[in-house]
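Here are the chains, one letter per residue:
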Amino acid sequence: MNLLEGKTAIIFGIANDRSIAWGIAKAFHENGATLGLSYAGEALERRVKPLAEAIGCTFVESCDVADDDQIRATAEKAAAVFGKVDILVHSIGFANRDELSGPYYNTSRAGFHLAMDISVYSFTALAKAFQPYFSPNAALLTLTYYGSEKVAPHYNVMGVAKAALEASVRYLAYDFGPQGIRVNAISAGPIRTLAAAGVSGFKTMYRRFADLAPLRQNVTIEDVGKAAVFLCSDLAVKTTGQVLFVDSGYNILGIPEELGES
Ligand code: NAD
Ligand code: 0WE
């Protein structure tokens, strides 16, 4: 299909071929989009460059979203190369590893600030920096997780950050609405990416997810890519400020069924 023909998309957050951002990049490419990729720092260049090449993408820029100068430089470079930006994808989150276990109240002030800066503020900062270059019907997209709404053991400060990120989606949608620019989020079920590797208890919760979710299947980066194509295409012209669940229906459950019952 060619749902994104003629559109330019800049995607932030590819670390490797398991990244959700890579699932989105592949789906966008399959739908005819012109792509620009951005990654966190030179250490990742070796991994990201070959992926970009595989989808014929020549705009591959390093950008640490903790740094306003790097964000501005990336936006200016994108504008110089592409002229306008139709789609911006933010697939970035970070908290100190030691704050993703134990009780939430152990979160340090500095750790709280870091999680909010990288996982929440960066989306708003990107929206601001790219604003002059957005086309009139542009679409912005970020990635969130159900731990924003309900307690997911150990998700801790990231859950608080995702709640703030989802609120940001609504405020940005309000700000950009008059320009016809849409802002949405996808809430994905657990996926075994770099950001999930080594998280204590992730493996068990990943397995249980497929037993409990109405569709009885785990979520893939390709599944998320398809939903991203929809939200960023003209199919979703009147959808903004929303969180779309791509989670095999897990979020509708109240009381989980006894394991092995059905
Ligand atoms: P990932 O590790 O592949 O992606 C996270 C990305 O954030 C990496 O590319 C990393 O380089 C980038 N990043 C971290 N700090 C940065 C900085 N300072 N500047 C620029 N980039 C920075 O893992 P992922 O699972 O693909 O995560 C992508 C998004 O999806 C995150 O927002 C995550 O919270 C969200 N998400 C993940 C899952 C899951 O189970 N994996 C589920 C729902 C939502
Ligand atoms: O948003 C995420 C990933 C969040 C994350 C993960 C890490 C691990 C490595 C943010 N920062 C870091 N920092 C590191 O140093 N997910 C939705 C995946 C995830 O992470 C969890 C989960 C799930 C699901 C952490 C605890 C509990 C569940």
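The rules we used
Residues numbered from 1 in each chain as written. Chains lettered and ligands numbered in written order. Predicted model: local features only at pLDDT ≥ 70, side-chain atom pairs only at ≥ 80, totals over all residues. Heavy atoms only, no water. Near = heavy atom within 4 Å. Polar contact = N/O pair within 3.5 Å; in protein donor to acceptor, adjacent residues only side chain to side chain. Areas by Shrake-Rupley, 256 points an atom, 1.4 Å probe, with all protein chains shown as cover. Nonpolar A, V, L, I, M, F, W, Y, C, P; charged D, E, K, R; others polar. Phe/Tyr/Trp six-rings, centres within 6.5 Å; stacked < 30°, edge-to-face > 60°. Helix = DSSP H or I, 4+ residues; strand = E, 2+ residues; numbered from the N terminus. Buried < 20%, exposed > 50% of the residue type's maximum accessible area, 1.4 Å probe, protein only.

Caption draft 1: Just the site of ligand 1, in detail. Neighbouring ligand 1 are 25 residues, the closest being Ser 19, Asp 64, Lys 162, Ile 191 and Thr 193. Ala 195 places a main-chain nitrogen or oxygen 3.2 Å from an oxygen atom of ligand 1. Calculation on ligand 1 without its partners gives an accessible area of 820 Å², and the protein chains cover 89% of this total. When the residues that make up the shell around ligand 1 are grouped by side-chain class, the tally is 16 nonpolar, seven polar and two charged.

Caption draft 2: A look at the packing of aromatic side chains. For the coordinates displayed, the defined rule picks out nine aromatic pairs. Note on Phe 134 and Phe 176: the rings are 6.0 Å apart at their centroids and 85 degrees apart in plane angle, and the pair reads as edge-to-face. Remark: Phe 176 occurs in helix H5 (residues 156–176) and Phe 134 occurs in strand S5 (residues 134–144); sequence separation between them is 42 residues. With a relative accessible area of 10%, Phe 134 lands in the buried category. By relative accessible area, which is 6% here, Phe 176 ends up buried. Ring centres of Tyr 146 and Tyr 250 lie 6.4 Å apart, and the angle between their planes is 80 degrees; this geometry places the pair in the edge-to-face category. Placement of the pair is Tyr 146 in the loop between S5 and H5 and Tyr 250 in the segment after strand S7 (243–246), with a sequence separation of 104 residues. Residue Tyr 146 is classed as buried on the basis of its relative accessible area, which comes to 17%.

Caption draft 3: Structural context of the side chain of Asp 86. Relative to the assigned elements, Asp 86 resides in strand S4 (residues 85–90). Overall, Asp 86 belongs to the buried group, its relative accessible area being 5%. Side chain to side chain, Asp 86 and Lys 84 meet in a polar contact 2.7 Å long. At a separation of 2.6 Å, a polar atom in the side chain of Asp 86 contacts the side chain of Ser 135.

Keep in mind that these numbers describe shape and distance, not what the molecule does.
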